[in-house]
Amino acid sequence: MSASPSSTSKQKRSRGPMTVVPVPKSAKPPGELLTAEEKKANHIASEQKRRQAIREGFDRLTEVVPGLTKSQGRSETIVLQKTLAYLKSELAENQRLVEQISSLGCEVPPLLRVVVNNDYVPPDYDDEDEYYEDSL
């Protein structure tokens, strides 16, 4: 008897949502240790939460960065490359505008300047209004 192809090939794990319920702290009396199964369930749940946060972050990038579509949102490499290109173009445009404002003889508020090639580091303002109040 020969084995069927399906029985000899590795089973693919389902990528669907796995329902793992972490053990709440209040479910056990203080000082009682978790069992190996409870530790594993907690670890799986925290890993799923971490992965979900990463997925949501990449989804937000696909919504914000021009030129990215939802279908590209699953390729983290493409999302990061296009995000980097977009940020570089925005920084270059900001630098151009700062130079244009400066050439007109106007003062550029520190909050509008950015670090470009480590040439300028803006002061640490916790509140934007603080700068504008100081300059009045």
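Each chain carries its own residue numbering, running from 1 in the direction its sequence is written. Two thresholds apply to this predicted model, a pLDDT of at least 70 for residue-level local features and 80 or more for giving and counting side-chain atom pairs, whereas whole-chain, interface and lining totals are computed over all residues. Hydrogens and water are ignored here; the side-chain numbers use all heavy atoms of the structure.

Peer 1: Teacher, can you tell me more about the overall build of the protein here?
Peer 2: Helices and strands together make up the secondary structure of the protein, namely four helices and zero strands. To qualify as a helix, a DSSP run of H or I must reach at least 4 residues; to qualify as a strand, a run of E must reach at least 2; elements of each kind are numbered from the N terminus. Put simply, the protein runs from its N terminus to its C terminus through helices and strands in the order α-α-α-α. When checking whether two residues touch, look at their non-hydrogen atoms; a contact exists if any pair is within 4.5 Å. Counting only contacts in the protein whose residues sit at least 6 apart along the sequence, the fraction spanning at least 24 positions is 8%. We get accessible surface area from the Shrake-Rupley algorithm with a probe of 1.4 Å; when it comes to residues, only the shown protein chains can shield them. Accessible surface, the protein: about 11,600 Å² in total, of which carbon and sulfur atoms supply 55%.

Peer 1: Which parts of the structure should I look at to understand the pattern of salt bridges?
Peer 2: Should the charged atoms of two oppositely charged side chains come close, the side chains can pair. Only one rule defines a salt bridge in this text: a Lys or Arg side-chain nitrogen within 4 Å of an Asp or Glu carboxyl oxygen. Enumeration over the complete set of coordinates arrives at three salt bridges. A salt bridge links arginine 96 to glutamate 93, with the shortest nitrogen-to-oxygen separation between them at 2.8 Å. A residue pair is termed a helical-turn pair when its members lie 3 or 4 positions apart in one helix, as arginine 96 and glutamate 93 do in helix H3 (residues 76-103) at three residues. If you follow the salt bridges from partner to partner, you end up with Glu47, Arg50 and Arg51 in one network.

Peer 1: Sorry if this is basic, but what is going on with H3 here?
Peer 2: Along an α-helix, a turn takes 3.6 residues, which lines up residues three or four apart on a common side. A helix's residues, less one, multiplied by 1.5 Å, set its expected span. Over its 28 residues, H3 extends 40 Å from the first C-alpha to the last, a length consistent with the 40 Å expected when each residue adds 1.5 Å. Relative accessibility under 20% of the residue-type maximum defines a buried residue, over 50% an exposed one, and the middle range a partly exposed one, all with a 1.4 Å probe and only protein chains included. For H3, the full list of buried residues reads Val79, Thr83 and Val98. On its buried side, H3 packs onto helix H2 (36-64). Looking one or two residues past H3, glycine 105 carries a phi angle of roughly 85°, positive in sign.

Peer 1: Please clarify how H2 should be interpreted in this entry.
Peer 2: For H2, built from 29 residues, the straight-helix expectation of 42 Å at 1.5 Å per residue is met to within 8% by its first-to-last C-alpha distance of 42 Å. Among all positions of H2, only Glu38, Ala41, Ala45, Phe58 and Thr62 are buried. Looking at the packing, one finds that the buried side of H2 touches H3.

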